[in-house]
Amino acid sequence: MKKTFIALLFLMSTVAYGQSAFAKAEQLFKAEKFDKAQIAFTKLYEQDHSDLDVIERLGDIASHQNNFEKAMGYYKKLIDSNAKSARYNFKYGGAMGLYAKSSSKFKALGMLDDIKKHLKKAAELDPKHIESRHALSQLYCELPGIVGGSISKSRSYADQLIKISPVDGHLAHGYIDEYEEEYDDAVVSYQKAVDTGGSLLTYRKLASIYQHKLNDDKKALETLKKASLKHIDTQLKADILSLESKIEMDD
């Protein structure tokens, strides 16, 4: 009886330690201290190669470090463990897509079917999965028609996004408009994103179109100033001052 109690006590203390170590590693990850988080999660992985949460975080860290090939290896383990997870399929397909972008065209083409497969599966498994639809919209927008690119398919995923998350849908349509060099339409799409969501990103997207595509610095400045009324951001203030100086010099 005594031996059983001691074994149980040891097991409970080990579990508690594991939970505490994971919490500390997670804290490092959320603080974007990825090098330290990698060390902490690697130690946890060495203790238990089957912990899916640890494996996922190691994949996430590799992605943040732009080591997409390494991230793919971790995410593949997740897929092998649970092929019906929308999140796992998105992360694996997304890492593959980003890795393909930095690879040769020949290698990227060889990966294309698998990229589509996992992103589409993520979208099918979760009717409200935003990230996979964003990725698919961008993918079909950027791909040449000869290898399956399609603006109409890109728009269809953007339309799905509007039903799930209107601001994301308008941002997706804005991206397509911009890619197609339909800059006036992009202004309309990004303005809708501003009106719907009002995040700093939406204001920056709109300001960027005015400044860099339509050469309208004053409209860009007006947009950034409106953003500053809602968002406190050091870089935003610096950008406003820089743009004000540019306009003064041009005048």
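Since the model is a prediction, treat every value here as computed from it, not as a measurement.

> Sorry if this is basic, but what is going on with the overall build of the chain here?
Looking only at helices and strands, the chain has 13 helices and 0 strands in total. The globule rule puts the C-alpha radius of gyration for 251 residues at 18 Å, and the 23 Å found for the chain is more than 25% above it. For the chain, the spread of C-alpha atoms along the principal axes amounts to about 85 × 45 × 35 Å. Relative to its 251 residues, the chain shows a buried fraction of 40%. In the chain, once contacts between residues fewer than 6 apart in sequence are set aside, the share between residues at least 24 apart is 45%. Carbon and sulfur atoms form 55% of the exposed surface of the chain, whose accessible area is close to 14,900 Å². Charge separation in the chain, taken as the distance between the mean sites of 37 positive and 36 negative side-chain charges, equals 8 Å.

> Looking at this model, I keep getting lost on helix H7 (residues 130-142). Mind explaining?
Taking 1.5 Å of rise per residue, 13 residues should cover 18 Å, and H7 covers 19 Å from first to last C-alpha, within 8% of that figure. Inspection of H7 places Ser132, Arg133, Leu136, Ser137, Leu139, Tyr140 and Cys141 among the buried residues, and these make up the whole buried set. On its buried face, H7 sits against helix H5 (86-101), helix H6 (105-125), helix H8 (151-164) and helix H9 (166-179).

> Before we go on, may I ask you to explain the packing of helix H11 (residues 200-213) against helix H12 (residues 217-230) in this structure?
Each pair of packed helices can be described by the angle between their axes along with the distance between the axes. The contact between H11 and H12 brings their axes to 7 Å, and the two run at 170°. Here H12 runs roughly antiparallel to H11, going by the angle between their axes. From H11, Leu200, Tyr203, Leu206, Ala207, Tyr210 and Gln211 reach across to H12, where they touch Asp217, Lys219, Ala220, Thr223, Leu224, Lys226, Ala227 and Lys230. The residue inventory of the contact of H11 with H12, partitioned by class, reads 8 nonpolar, 2 polar and 4 charged.

> Just checking my understanding: could you explain the nonpolar core for this structure?
It is characteristic of soluble globular proteins that their nonpolar side chains tend to be buried jointly. If you look at the biggest cluster of nonpolar residues, it comprises 38 residues, and the most contacted ones within it are Phe41, Met72, Met111 and Ile115. Those elements that place two or more of their residues in this core are helix H1 (2-30), helix H2 (34-47), helix H3 (52-64), helix H4 (68-81), H5, H6 and H7. Ignoring anything within four residues of it in the chain, the contact list for methionine 72 reads Tyr92, Ala95, Met96, Tyr99 and Met111. One finds Leu171, Val187, Tyr190 and Ala227 within the second-largest nonpolar core, a separate group that totals 22 residues.

The rules behind the values
Residues numbered from 1 in each chain as written. Predicted model: local features only at pLDDT ≥ 70, side-chain atom pairs only at ≥ 80, totals over all residues. Heavy atoms only, no water. Helix = DSSP H or I, 4+ residues; strand = E, 2+ residues; numbered from the N terminus. Rg over C-alpha atoms; globule rule 2.2 N^0.38 Å. Buried < 20%, exposed > 50% of the residue type's maximum accessible area, 1.4 Å probe, protein only. Contact = heavy atoms within 4.5 Å. Areas by Shrake-Rupley, 256 points an atom, 1.4 Å probe, with all protein chains shown as cover. Lys, Arg positive; Asp, Glu negative; His and termini not counted. Charge placed at Lys NZ, Arg CZ, Asp CG, Glu CD. Expected span 1.5 Å × (residues − 1). Axes fitted to C-alpha atoms, helices over the stretch in contact; angles between N-to-C directions. Parallel < 35°, antiparallel > 145°, perpendicular 65-115°, else oblique. Nonpolar A, V, L, I, M, F, W, Y, C, P; charged D, E, K, R; others polar. Core = buried A, V, L, I, M, F, W, Y, C linked by side-chain atoms within 4.5 Å.

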